[in-house]
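Overview (structure and organization)
Each chain is listed here by its residues.
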Amino acid sequence: MKISILVPTRQRKNRLIELYDSMFEYAKYPANVEMVAYVDDDDKSYNGLERYNLNIITGKHTRIADAWNICWKNAEGEILGLFGDDVICRTQDWDKIVTNEFNKLDDKIAFVYGDDGSDAGKTFGTHGFIHQNWAETVGYFVPPYFYASYVDTWLNDVAKMVNRHKYVDVLFEHMHQGMGKSEDDETYKEARRMVVGMEDLYNAKLQERNADARKLIEFMEKK
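Bear in mind the structure is a predicted one, so any value in this text is a computation, not a measurement. (Residues numbered from 1 in each chain as written. Predicted model: local features only at pLDDT ≥ 70, side-chain atom pairs only at ≥ 80, totals over all residues. Heavy atoms only, no water.)

So, on to the layout of surface pockets. The calculated volume of the largest pocket comes to roughly 790 Å³. In this structure, the largest pocket is lined by 38 residues; those nearest its centre are Ile 64, Trp 68, Ala 148, His 176 and Ala 191. Of all elements in the fold, only strand 1 (3–9), strand 2 (33–40), helix 2 (64–73), helix 5 (151–161) and helix 6 (186–194) reach the threshold of two or more residues within the lining of the largest pocket. Here the lining of the largest pocket gets five residues from one element, more than from any other, and that element is helix 6. Here the residues of the lining of the largest pocket are counted per class, giving 16 nonpolar, twelve polar and ten charged. (1 Å grid on protein atoms, 1.4 Å probe; cavity = no way out; pocket = protein on both sides within 12 Å on 5 of 7 lines; lining within 4 Å. Points joined across faces, edges and corners; volume = space filled by probe spheres on them. Helix = DSSP H or I, 4+ residues; strand = E, 2+ residues; numbered from the N terminus. Nonpolar A, V, L, I, M, F, W, Y, C, P; charged D, E, K, R; others polar.)

Structure follows, in structure tokens:
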């Protein structure tokens, strides 16, 4: 199965390259991996990426969640990866490990995630994968209600509702400013501003999460 890594990015060309290099260097089957990046059309810092096999989608500055969904609409892969541009892959053959987990399931419904290097990295997936079957069944790659925060929480919670929350022994290290692994920048600052009120919104959307779980269970029962 082909894997699409979906990555909104802004003013972080070098970090996008680091992610790209690590994902392809450690992939067992790099020809079966693509990276789809969303770049704001007012961000001119991404020139010179022609030598990379990147599918770059440009558009107006938007919420990161919206950018992920736009990347999904332009993805060719069956397996879809939720990634930020501040991640580095540390595990050889990560693609084989992830694909093998999906191949265990006839319906391919699962949230498959690796360790992100945080204290909760083995129990909560900040960067993970779903199959096109999941996205097509619920109608989106990530829920369209948030700026960025809580979309990973949504996938974790819905996966647990359908008993398909799958950890694999892969390290996708989150080089986040909040973990002391990178410098602060305007992209992080904007994300912090936009997280205000998101917890209340997330809690108010329980009915929608339940609806996603029901749709996925109905799909699973048909397989």
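Applying the stated criterion across every chain yields a total of ten salt bridges. We note a salt bridge from Arg 12 to Asp 85, for which the minimum N-O separation is 2.7 Å. One end of the pair, Arg 12, is in the loop between strand 1 and helix 1 (13–25); the other, Asp 85, is in the loop between strand 4 (79–82) and strand 5 (87–89), and 73 residues separate them in sequence. The exposure class of Arg 12 is buried, given its relative accessible area of 5%. Taking the shortest distance from any N to any O, the salt bridge between Asp 107 and Arg 164 comes out at 2.7 Å. In this pair, Asp 107 sits in the loop between helix 3 (94–103) and strand 6 (111–115) while Arg 164 sits in the loop between helix 5 and strand 8 (165–174), placing the two residues 57 residues apart along the sequence. When sorted by exposure, Asp 107 lands in the same class as Arg 164, which is buried. (Salt bridge = Lys/Arg side-chain N within 4 Å of Asp/Glu carboxyl O. Buried < 20%, exposed > 50% of the residue type's maximum accessible area, 1.4 Å probe, protein only.)

What follows deals with the packing of helix 5 against helix 8 (residues 206–222). For the pair helix 5 and helix 8, interaxial distance at closest approach is 9 Å and the crossing angle is 50°. Taken together, helix 5 and helix 8 sit at an angle that is classed as oblique. Relative to helix 8, the crossing made by helix 5 is right-handed. On helix 8, the residues touching Trp 154, Asp 157, Val 158 and Met 161 of helix 5 are Leu 206, Glu 208, Arg 209, Asn 210, Asp 212, Ala 213 and Leu 216. Of the residues assigned to the contact of helix 5 with helix 8, the class counts are six nonpolar, one polar and four charged. (Axes fitted to C-alpha atoms, helices over the stretch in contact; angles between N-to-C directions. Parallel < 35°, antiparallel > 145°, perpendicular 65-115°, else oblique. Left-handed = near helix turned anticlockwise from the far one by under 90°. Contact = heavy atoms within 4.5 Å.)

Okay, helix 8 next. For helix 8, built from 17 residues, the straight-helix expectation of 24 Å at 1.5 Å per residue is met to within 8% by its first-to-last C-alpha distance of 25 Å. Of all the residues in helix 8, the buried ones are Arg 209, Asp 212, Ala 213, Leu 216 and Met 220. The arc that holds the buried residues of helix 8, viewed along the axis, is 95°, so those residues lie on one side. Residues of helix 8 that are exposed and point more than 90 degrees away from the buried face comprise Gln 207, Glu 221 and Lys 222. Here the buried face of helix 8 lies against helix 4 (132–138), helix 5 and helix 7 (198–204). (Expected span 1.5 Å × (residues − 1). Arc of directions from axis to C-beta.)

This paragraph deals with unusual backbone geometry. Phi angles above zero are rare outside glycine, and Asp 93 is one such case at about 65°. Looking at the element boundaries, Asp 93 is found in the loop between strand 5 and helix 3. Of note, Lys 108 is a non-glycine position whose phi angle comes to about 65°, a positive value. Assignment of secondary structure puts Lys 108 in the loop between helix 3 and strand 6.

Any functional reading would require information beyond the geometric quantities listed.
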